[in-house]
Amino acid sequence: MTTLIEALPAHHALWRAPAQAVQAFVGLGANLGDAQQALRQAVQALAAVPGVQVQQCSALYGSAPIDSSGPDYLNAVARVSTTLGPAQLLQALQTIENEAGRLRPYRNAPRTLDLDLLRYGDVHSAEAALLLPHPRMHERAFVLLPLHDVAPELVSAQALAAVQGQRIERLASSDWLS
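Keep in mind that what you see is a predicted model, and the values were worked out from it rather than measured.

Peer 1: Explanation requested: the pairing of strand β3 (residues 60–63) in the structure shown.
Peer 2: Within a regular strand, side chains alternate between the sheet's two faces. Of the two faces of β3, the one lined by Leu60 and Gly62 and the one lined by Tyr61 and Ser63 are each fully buried. Where β3 lies against strand β8 (residues 168–172), four bridges are found, and the strand directions are antiparallel. Bridge pairing in β8 places tyrosine 61 opposite arginine 170.

Peer 1: What exactly am I supposed to notice about helix α2 (residues 86–99) here?
Peer 2: Because the α-helix completes a turn every 3.6 residues, residues three or four places apart line up on one side. If you check α2, its first and last C-alpha atoms are 20 Å apart, about what 14 residues at 1.5 Å a residue would give, namely 20 Å. Buried within α2 are the following residues: Pro86, Ala87, Leu89, Leu90, Ala92, Leu93, Gln94, Ile96 and Glu97. Packed against the buried residues of α2 are β1 (22–30), α1 (35–47), β2 (52–57), β4 (73–82), β5 (114–120) and β7 (130–132). Immediately downstream of α2, the backbone of glycine 101 shows phi near 90 degrees, a positive value.

Peer 1: I keep staring at the confidence of the model for the chain and nothing clicks. Help me out?
Peer 2: In regions of low pLDDT, the predicted coordinates are not meant to be interpreted in detail. In the predicted model, the chain carries a mean pLDDT of 90, and 93% of its residues have values of at least 70. Across the chain, element-level confidence peaks in β2 with a mean pLDDT of 98 and bottoms out in strand β6 (residues 125–127) with 91.

Peer 1: How do you make sense of the nonpolar core when you look at a structure like this?
Peer 2: Soluble globular proteins tend to pack their nonpolar side chains together in the buried interior. Ile5, Leu28, Leu39, Leu46, Leu89, Leu115 and Leu117 are the most contacted members of the largest nonpolar core, which has 38 residues in total. Elements with a minimum of two residues in this core: β1, α1, β2, β4, α2, β5 and β7. Discounting residues that sit within four places of it in the chain, leucine 28 has contacts with Leu39, Ala42, Val43, Leu74, Asn75, Ala76, Val77, Ala78, Asp114 and Leu115. One finds Val77, Met137, Leu144 and Ala159 within the second-largest nonpolar core, a separate group that totals 13 residues.

Peer 1: Just to check I follow, could you spell out the pattern of salt bridges for this structure?
Peer 2: Oppositely charged side chains are able to pair whenever their charged atoms sit close together. Across all of its chains, the model carries three salt bridges by this definition. Put simply, aspartate 72 and arginine 167 hold a salt bridge, and the shortest N to O gap is 2.9 Å. One end of the pair, aspartate 72, is in the loop between β3 and β4; the other, arginine 167, is in the loop between α4 (157–162) and β8, with 95 residues separating them in the sequence. Judged by its relative accessible area of 52%, arginine 167 is exposed.

Peer 1: What is the right way to read unusual backbone geometry from this model?
Peer 2: Most peptide bonds take the trans form, and the phi angle of most residues other than glycine is negative. Cis peptide bonds are those with omega within 30 degrees of zero, and the linkage from leucine 132 to proline 133 qualifies with -15 degrees. As for its position among the elements, proline 133 is in the loop between β7 and α3 (141–150).

Peer 1: Before we go on, may I ask you to explain the environment of leucine 115 in this structure?
Peer 2: Within the secondary structure layout, leucine 115 lies in strand β5. The class of leucine 115 is buried, set by a relative accessible area of 5%. Separated by 67 residues in sequence, leucine 115 and alanine 48 have C-alpha atoms that sit 15 Å apart. In contact with leucine 115, not counting residues within four places along its chain, are Val26, Gly27, Leu28, Ala42, Leu93, Ile96 and Glu97.

Peer 1: Please explain the environment of serine 174 as it appears in this structure.
Peer 2: Structurally, serine 174 can be placed in the segment after β8. Serine 174 sits 118 residues away from glutamine 56 along the chain, and the two C-alpha atoms are 8.5 Å apart. Contact partners of serine 174, with chain neighbours within four places excluded, come to Cys57, Ser58 and Ala59.

Peer 1: Would you explain the packing of α1 against α2 in this entry?
Peer 2: Helix-helix packing is characterised by the crossing angle of the two axes and by the distance between the axes. Between α1 and α2, the shortest axis-to-axis distance is 10 Å and the interhelical angle comes to 140 degrees. Taken together, the axes of α1 and α2 lie oblique to each other. Seen along the crossing, α1 lies across α2 with a hand that is right-handed. Contacts from Ala42, Ala45 and Leu46 in α1 reach Leu89, Leu93 and Ile96 in α2. Tallied by class, residues from the contact of α1 with α2 come to six nonpolar, no polar and no charged.

Thresholds, definitions, all that
Residues numbered from 1 in each chain as written. Predicted model: local features only at pLDDT ≥ 70, side-chain atom pairs only at ≥ 80, totals over all residues. Heavy atoms only, no water. Buried < 20%, exposed > 50% of the residue type's maximum accessible area, 1.4 Å probe, protein only. Helix = DSSP H or I, 4+ residues; strand = E, 2+ residues; numbered from the N terminus. Pairing = 2+ DSSP bridges. Expected span 1.5 Å × (residues − 1). Contact = heavy atoms within 4.5 Å. pLDDT = per-residue confidence, 0-100. Core = buried A, V, L, I, M, F, W, Y, C linked by side-chain atoms within 4.5 Å. Salt bridge = Lys/Arg side-chain N within 4 Å of Asp/Glu carboxyl O. Axes fitted to C-alpha atoms, helices over the stretch in contact; angles between N-to-C directions. Parallel < 35°, antiparallel > 145°, perpendicular 65-115°, else oblique. Left-handed = near helix turned anticlockwise from the far one by under 90°. Nonpolar A, V, L, I, M, F, W, Y, C, P; charged D, E, K, R; others polar.

So, in structure tokens, the structure goes:
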């Protein structure tokens, strides 16, 4: 089955590798199985992708599902430096999800692993295959709080105040990776 990103023409700008490394932010989430181990393995798999260097990971957070049911999620954000184009990076994230057993039976279904490309440098994209910055990140405490851990300059006090009613708990500092 071809994904939306794979359907983009090879000459599309989203496939173009940057002239120099770009800073990107990846949201990580899981709420099925050993979620912490799934996130830990996802960070390791991300670090093993050629052209990707994991620079920093946020603390680990627990949050209630939004627009869904099921167990609480574990969430984090990774700051990476990459020489991959945005489409290549998204494709790598989807490969990691698939290798972790990710299924997509319906929108917002519980997940063994969920990896979202939140930001890719200063790139803005309205392509259905890859919306950048992530269109709902400003609505989600489970994105904003961990993103604030690794890039406080990207999250305003107003954005944090707007999600303060969402149930989220900081569970562990960045030592959850070891």
